[in-house]
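Coordinates in review
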Amino acid sequence: MDFSTAQSLVAVAKSEADKTGVSVSIAVLDAAAHLLAFARSEAAALGTIDVSQRKARTAALFQTDSSELGAGVGPGGPAYTFENTNGGLIVFGGGVVLRNKDGAFIGAIGIAGATIEQDEAIAKAAASSILA
């Protein structure tokens, strides 16, 4: 993924957040799980900076949306403490895998600051925008 694509993802996510009236942090990572673009709404809590990046990193490292990795990580689950691996992961909604028009993995986007459902919807809207 190039920088202009990452910037366009941030712009789409920011527009979606504005439509919903929420303040969020937006992190876009490349296929190697390195930060490529980032933005934080002025009113977004400072803690959302780290959470957005961890959501995106989780999705990038496992090439799976963060929400899909949540099953089985609780006490007694088959992947208990999974979120403590790889320097700390986030296994709830808001981290979405990015693929190009050919279906190739190109990175991930993470959104934090609204409800989990809103974060997920914003991330998916941004991810869909690169397929148009």
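Whatever comes next refers back to the structure up there.
Reading guide: rules and limits
Residues numbered from 1 in each chain as written. Predicted model: local features only at pLDDT ≥ 70, side-chain atom pairs only at ≥ 80, totals over all residues. Heavy atoms only, no water. Salt bridge = Lys/Arg side-chain N within 4 Å of Asp/Glu carboxyl O. Helix = DSSP H or I, 4+ residues; strand = E, 2+ residues; numbered from the N terminus. Buried < 20%, exposed > 50% of the residue type's maximum accessible area, 1.4 Å probe, protein only. Axes fitted to C-alpha atoms, helices over the stretch in contact; angles between N-to-C directions. Parallel < 35°, antiparallel > 145°, perpendicular 65-115°, else oblique. Left-handed = near helix turned anticlockwise from the far one by under 90°. Contact = heavy atoms within 4.5 Å. Nonpolar A, V, L, I, M, F, W, Y, C, P; charged D, E, K, R; others polar. Expected span 1.5 Å × (residues − 1). Arc of directions from axis to C-beta.

1. Some points on the pattern of salt bridges
Summed over the entire model, instances satisfying the criterion amount to five salt bridges. Where Lys 124 meets Glu 120, a salt bridge forms, and the shortest distance between an N and an O atom there is 3.5 Å. Of this pair, Lys 124 and Glu 120 both sit in helix H3 (residues 116-129), four residues apart, which is roughly one turn of that helix. In this structure Lys 124 comes out as partly exposed when scored by relative accessible area, which is 41%.

2. Description of the packing of helix H1 (residues 3-20) against H3
In a pair of packed helices, the angle between the axes and the distance between the axes together describe the arrangement. Between H1 and H3, the least distance of the axes is 8 Å, while the angle of their chain directions is 140°. The pairing of H1 with H3 is recorded here as oblique in orientation. In the crossing of H1 with H3, the sense of the turn from one axis to the other is right-handed. Every residue of H3 that contacts H1 at Leu 9, Val 12, Ala 13, Glu 16, Ala 17 and Thr 20 is listed here: Gln 118, Ile 122, Ala 125, Ala 126, Ala 127 and Ser 129. Looking at side-chain class alone, the contact of H1 with H3 contains eight nonpolar, three polar and one charged residues.

3. Remarks on H1
The end-to-end C-alpha separation of H1 is 26 Å, in line with the 26 Å expected for 18 residues at 1.5 Å each. Taken residue by residue, H1 has Ala 6, Leu 9, Val 10, Ala 13 and Ala 17 as its buried positions. Axial view of H1: buried residues confined to an arc of 100°, hence all on one face. For H1, exposure combined with an orientation more than 90 degrees from the buried face picks out Ser 4 and Lys 19. Those residues of H1 that are buried are in contact with strand S1 (25-30), strand S2 (35-40), strand S3 (95-99), strand S4 (105-112) and H3.

In short, the description is geometric, and any link to function would need to be established separately.
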